[in-house]
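# Commentary on secondary and tertiary structure
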Amino acid sequence: MQTNFTPEQLADPDTAHSETILRKCVHCGFCTATCPTYVTLGNELDSPRGRIYLIKDMLENGRPADKEIVTHVDRCLSCLACMTTCPSGVNYMHLVDHARVHIEKTYRRPLADRIVRSLVAAVLPHPARFRLALGAARVGRPFAGIFRKLPGLKPLAAMLDLAPRAVPAPSTLPGSGAHAARGQKRGRVALLTGCAQSVLDPAINEATVRLLTSLGVEVVLPKGEGCCGALVHHMGREEQALADARRNVDVWVAEIARGELDAIVITASGCGTTIKDYAHMLRLDPAYAEKARIVSGLAKDVTEYLAGLDLPAPATAPGLTVAYHSACSMQHGQKIVAQPKMLLKRAGFAVVEPREGHLCCGSAGTYNILQPEISAQLKARKVANIEATRADLIATGNIGCMTQIGSGTTMPIVHTVMLLDWAYGGPQPAGVPAARVLEAAE
Ligand code: SF4
Ligand code: SF4
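Just so we're clear, the structure is a prediction, and the values are computed from it rather than from any experiment.

Basis of the calculations
Residues numbered from 1 in each chain as written. Chains lettered and ligands numbered in written order. Predicted model: local features only at pLDDT ≥ 70, side-chain atom pairs only at ≥ 80, totals over all residues. Heavy atoms only, no water. Buried < 20%, exposed > 50% of the residue type's maximum accessible area, 1.4 Å probe, protein only. Helix = DSSP H or I, 4+ residues; strand = E, 2+ residues; numbered from the N terminus. Pairing = 2+ DSSP bridges. Salt bridge = Lys/Arg side-chain N within 4 Å of Asp/Glu carboxyl O. Patch = residues over 30% accessible without salt bridge, like charges linked within 9 Å, V, L, I, M, F, W, Y side chains within 5 Å. Areas by Shrake-Rupley, 256 points an atom, 1.4 Å probe, with all protein chains shown as cover. Axes fitted to C-alpha atoms, helices over the stretch in contact; angles between N-to-C directions. Parallel < 35°, antiparallel > 145°, perpendicular 65-115°, else oblique. Left-handed = near helix turned anticlockwise from the far one by under 90°. Contact = heavy atoms within 4.5 Å. Nonpolar A, V, L, I, M, F, W, Y, C, P; charged D, E, K, R; others polar. Expected span 1.5 Å × (residues − 1). Near = heavy atom within 4 Å. Phe/Tyr/Trp six-rings, centres within 6.5 Å; stacked < 30°, edge-to-face > 60°. Lys NZ or Arg CZ within 6 Å of the ring centre and 35° of its normal.

## Concerning the pairing of strand β4 (residues 263–266)
Judged by which residues are buried, β4 turns out to be covered on both faces: Ala263 and Val265 on one side and Ile264 and Ile266 on the other are all buried. Across three bridges, the pairing between strand β2 (residues 187–191) and β4 is parallel. In the strand pairing of β4, Ala190 is matched with Ile264. The pairing of β4 with strand β5 (residues 299–301) spans three bridges and is parallel. Within the sheet, the bridge partner assigned to Ile264 lies in β5 and is Ala299.

Following this line, the structure appears as structure tokens:
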């Protein structure tokens, strides 16, 4: 694609990077066929190619964002299916990230929108606040119907709908410290305990520690780490996202100084995509560029790390069929496709893949709160495809997908690592059909 930026505009490194991305796009439109918002809405401006034109026009003309571009960029899920499809290697992720920062700096959103976004950014990344908010949701739930009828307050209704009826008890894991490897030690990793996941389903990190230590891997929970910054990054809140990234980089680099790390293990693929991008996000900060490069190089999804270990024969034969849902951040963001399925099969599960596996479930970080209508359509489509498999349960590697899909089906849904932990001697995950276990054991 031909571009017309001035030398002055290209002196800005973010604009220069976006220009190299734009030049790679050849307008072929292959990406439209796999874009969930184009498939749902049928509007070229809600396709990757349409958004690329809008972003190009905004950046080239150096103009503030307007309502039209904000509407179409806000509708983008950042699912990155377009990057998997694109034959020209267009890095849409960095382009839309840049556009979101530009929007945040130059566009004044309506008051209700600003309040909801500020609330989300102030609460979700902080586990203590998030836990309090989930408690408050019990009180607010009767008002969800009223909020749903008021256009600016629909996101509040979506938040109340998504909030679990019962909040799990806090994790039994200490907030920080080392968990020793059992048997012969063969590795040392840091585990990102994360933010929302640690509140919504603390059993995921507990299973990860149990499984890894049982396989001879020391697991460190470094003191001071926190949200990876993905939630605010996708809202264009650059400074907040970079502050989160710098804090985590400092914590992990200090941990590396105490003892070599084989990996920084992540159990939410949305976080993994962002941490693997820290090297890009902090590339212009001389104090952090090199440290961020090291951190991004060590970041691994838990299934990516486990696939590199020589796993023993499973201790349990579950005899269950699992519908594997590959989160967008897993398959498109990190290109981790084979490992989770391979690990589940090796652990004794039959694995089936739902139709249209490339399409987003509509969770996408805060998307199911901020764009509830499109999100609900995508959820219904995803759930129908998953239920058609007639599997016993669903496995996935991202808490956002677990919450989204779980709110639309009665099928049990668990994190992949919880099934692996169970197969290798851990407890049976809550909600997994017990009868099949007994059958398999007979
Ligand atoms: S990131 Fe997803 S929703 Fe956004 S343009 Fe690409 S395919 Fe469409
Ligand atoms: S597939 Fe790639 S090159 Fe083709 S229009 Fe989409 S982004 Fe551009």
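Moving on from the coordinates now.
## A look at the pattern of salt bridges
Close approach of charged atoms allows side chains with opposite charge to pair. In this structure the tally under the stated criterion is 28 salt bridges. Taking the shortest distance from any N to any O, the salt bridge between Glu44 and Arg49 comes out at 2.9 Å. In this structure, Arg247 and Asp244 form a salt bridge, with 3.1 Å as the shortest nitrogen-oxygen distance. Here Asp244 and Arg247 lie together in helix α15 (residues 238–258), a separation of three residues that amounts to about one turn. Here the residues in one salt-bridge network are Lys185, Arg188, Glu218, Glu255 and Arg258, joined through shared partners.

## Here we look at a nonpolar patch on the surface
Among the surface-exposed residues, Phe143, Ile146 and Leu150 lie close enough to one another that they form a single nonpolar patch of about 280 Å² accessible area. Position of Leu150 relative to the elements: it lies in the loop between α10 (144–149) and α11 (154–162).

## What about the packing of helix α4 (residues 48–60) against helix α5 (residues 67–74)?
The description of two helices packed together rests on the angle between their axes and the distance between the axes. Relative orientation of the contacting elements α4 and α5 amounts to 140 degrees, with a least axis distance of 10 Å. As the angle between them shows, α4 and α5 are arranged oblique. As α4 packs across α5, the resulting crossing turns out to be left-handed. Where α4 abuts α5, its residues Arg51, Leu54, Ile55 and Met58 lie against Glu68, Ile69, His72 and Val73. Partitioned by chemical class, the residues of the contact of α4 with α5 number five nonpolar, one polar and two charged.

## Regarding helix α7 (residues 92–106)
In this model α7 runs 21 Å from its N-terminal to its C-terminal C-alpha over 15 residues, within 8% of the 21 Å that 1.5 Å per residue would give. Judged by how many residues are buried, α7 sits mostly within the fold: 12 of 15 residues are covered. What α7 keeps buried is the set Tyr92, Met93, His94, Leu95, Val96, Asp97, His98, Ala99, Arg100, Val101, His102 and Ile103.

## Considering the site of ligand 2
Taken together, 13 residues are adjacent to ligand 2, and Cys25, Cys28, Gly29, Cys31 and Cys86 come closest. Among the residues making up the shell around ligand 2, the classes are represented as nine nonpolar, three polar and one charged.

## So, the packing of aromatic side chains
Across all of its chains, the model carries one aromatic pair by this definition. Ring geometry for Phe349 against Trp422: centres 6.1 Å apart, planes inclined by 50 degrees, an arrangement best described as tilted. Taken as a pair, Phe349 in the loop between α21 (338–346) and β7 (350–352) and Trp422 in helix α25 (residues 416–423) lie far apart in primary sequence, 73 residues in all. The exposure classification of Phe349 matches that of Trp422, with both residues buried. The side chain of Arg246 reaches across the aromatic face of Tyr288, ending 5.8 Å from its centre. Its end group placed over the ring of Tyr288, Lys291 keeps NZ or CZ at 4.3 Å from the ring centre.

## Notes on the sheet that holds β4
One open sheet accounts for five strands, arranged β1-β3-β2-β4-β5; its pairing is mixed. Sheet topology places β1 (177–179) and β5 at the edges, where each strand pairs with a single neighbour. The mean inter-strand angle of the sheet, taken between neighbouring strand axes irrespective of direction, is 35 degrees. As defined by bridge partners, β1 adjoins strand β3 (residues 217–221) across three bridges and the pair is classed as antiparallel. The partner of His179 across the bridge, within β3, is Val219. Along the sheet, helix α13 (residues 203–214) makes contact with β1, β2, β3 and β4, crossing β3 at roughly 145 degrees.

## Overview of the site of ligand 1
The environment of ligand 1 is made up of 13 residues, and the closest members are Cys35, Arg51, Cys76, Cys79 and Cys82. Of all the secondary-structure elements, those providing two or more residues to the shell around ligand 1 are α3 (36–41), α4 and α6 (81–85). For the shell around ligand 1, the class distribution of residues is 10 nonpolar, two polar and one charged.

## Comments concerning the packing of α21 against α25
Running from N to C, α21 and α25 cross one another at 25 degrees; their axes reach a closest spacing of 10 Å. Judged on the interaxial angle alone, α25 and α21 are roughly parallel. The chirality of how α21 crosses α25 is left-handed. Mapping the contact onto sequence places Pro340, Leu343 and Leu344 in α21 and Thr416, Leu419 and Leu420 in α25.

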